[in-house]
Amino acid sequence: HRRFDYRPKTDPYCQARYTFCPTGSAIPVMKEEDVIEVYRLQAPVWEFKYGDLLGHMKIMHDAVGFKSSLTGKNYTMEWYELFQLGNCTFPHLRPGMDAPFWCNQGAACFYEGIDDAHWKENGTLVLVTTISGTMFNEMAKWVKYDNETGIYYETWTVQASPDKQSIVWFDSYECSKFILRTYQKLADLGAVFEKIQTNYTSIILFSGEPIYLGNETSIFGPLGNKTLAAALRDFYYPFKPHRTVIEFFVDLLKIIDRVILNRQFYLFYNLEYWFLPMKFPYLKIIYEEVPLPSGSKTSFGV
């Protein structure tokens, strides 16, 4: 997943049904001698609206919690879509614009308090490590860097097969990946984690070797490929928001025809378009273990 030099301003066209990070605050500077408990937080996606429904399918959202021993204050930190999951997964086809229009930024959210009921009722709230105030402050600097340079949400992981040793063509970039990066950064700073099992959700597409198609300019620009541009718009059209149940099922049949029967998928990744020759089983939601860090690595250092 590519890092960028800066975060662009969002277009007013991009609107969220639910406000991003409504009670967000700056990350505080902790006293060096503070002892801070770090908690693993996990709950079903959209639990506030659907309860445990998505939890039964193991579609989970991840966050990390902190508790200061000096002040007694709790904090929550997470990373998610600015304009909800649908906008990050599929574009809008705007009138008068040839190119699909994406509202796919994601960002970190930090706020005071941990909603114990939210995380405990259908999910997880468990202590994973203890850190010093100095380590917390170093982590905060890294979060700023990570948030300013890793700006686009990516729903899909794309693999060659369900085999665990399979080639990963594209990796997702979502809430759980941010938590894994945060844990690794804390390990780099010297945190020692508890030995507990930690599982995360991945939504995987299965594809043969992807074919590079180009970027917005090369496909949709004045010298672009009009046939390919039309194919991309045609592919994304059925994924639009639906006003009626009938409209939804008509478009669902189109999606099944394109993705499963004709084995075609177009992926937008790092501002570029790729063609995926789809393979059985096409799509799978997995909830698999990714262990907590056992030692220091430098792969996520600033």
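Residues numbered from 1 in each chain as written. Predicted model: local features only at pLDDT ≥ 70, side-chain atom pairs only at ≥ 80, totals over all residues. Heavy atoms only, no water.

(A) Here's a closer look at the packing of helix α5 (residues 133-149) against helix α6 (residues 175-188). As a packed pair, α5 and α6 sit with axes 10 Å apart at the nearest point and diverge in direction by 140°. With respect to α6, the axis of α5 lies oblique. The hand of the α5/α6 crossing is right-handed. Residue-level inspection shows Met135, Met139, Trp142, Val143 and Asp146 of α5 in contact with α6, the latter providing Phe178, Arg181, Thr182, Lys185 and Leu186. Residues of the contact of α5 with α6, tallied by class, amount to six nonpolar, one polar and three charged. (Axes fitted to C-alpha atoms, helices over the stretch in contact; angles between N-to-C directions. Helix = DSSP H or I, 4+ residues; strand = E, 2+ residues; numbered from the N terminus. Parallel < 35°, antiparallel > 145°, perpendicular 65-115°, else oblique. Left-handed = near helix turned anticlockwise from the far one by under 90°. Contact = heavy atoms within 4.5 Å. Nonpolar A, V, L, I, M, F, W, Y, C, P; charged D, E, K, R; others polar.)

(B) Region of the structure containing the pairing of strand β10 (residues 264-269). With five of its six residues buried, β10 lies for the most part within the structure. Examined bridge by bridge, β10 and strand β11 (residues 272-289) share six bridges and lie antiparallel to one another. Bridge pairing links tyrosine 269 to glutamate 272 in β11. Counting the residues between successive antiparallel strands, the hairpin from β10 to β11 contains two residues, one of them, asparagine 270, with a positive phi of roughly 55°. (Buried < 20%, exposed > 50% of the residue type's maximum accessible area, 1.4 Å probe, protein only. Pairing = 2+ DSSP bridges.)

(C) Up close: the sheet that holds strand β3 (residues 74-81). Reading across the sheet, the five strands line up as β4-β3-β2-β1-β5 and stay open at both edges, with antiparallel pairing between neighbours. Looking at the sheet topology across the chains shown, the edges are occupied by β4 (106-112) and β5 (124-132). For this sheet, the mean angle separating the axes of adjacent strands, direction not counted, is 25°. Both strand β1 (residues 35-44) and strand β2 (residues 60-68) contribute to a ladder of nine bridges, which runs antiparallel. Bridge pairing links arginine 40 to valine 64 in β2. α5 rests against β1, β2, β3, β4 and β5 of the sheet, and its axis sits at about 110° to β5. α6 rests against β1, β2, β3, β4 and β5 of the sheet, and its axis sits at about 35° to β2.

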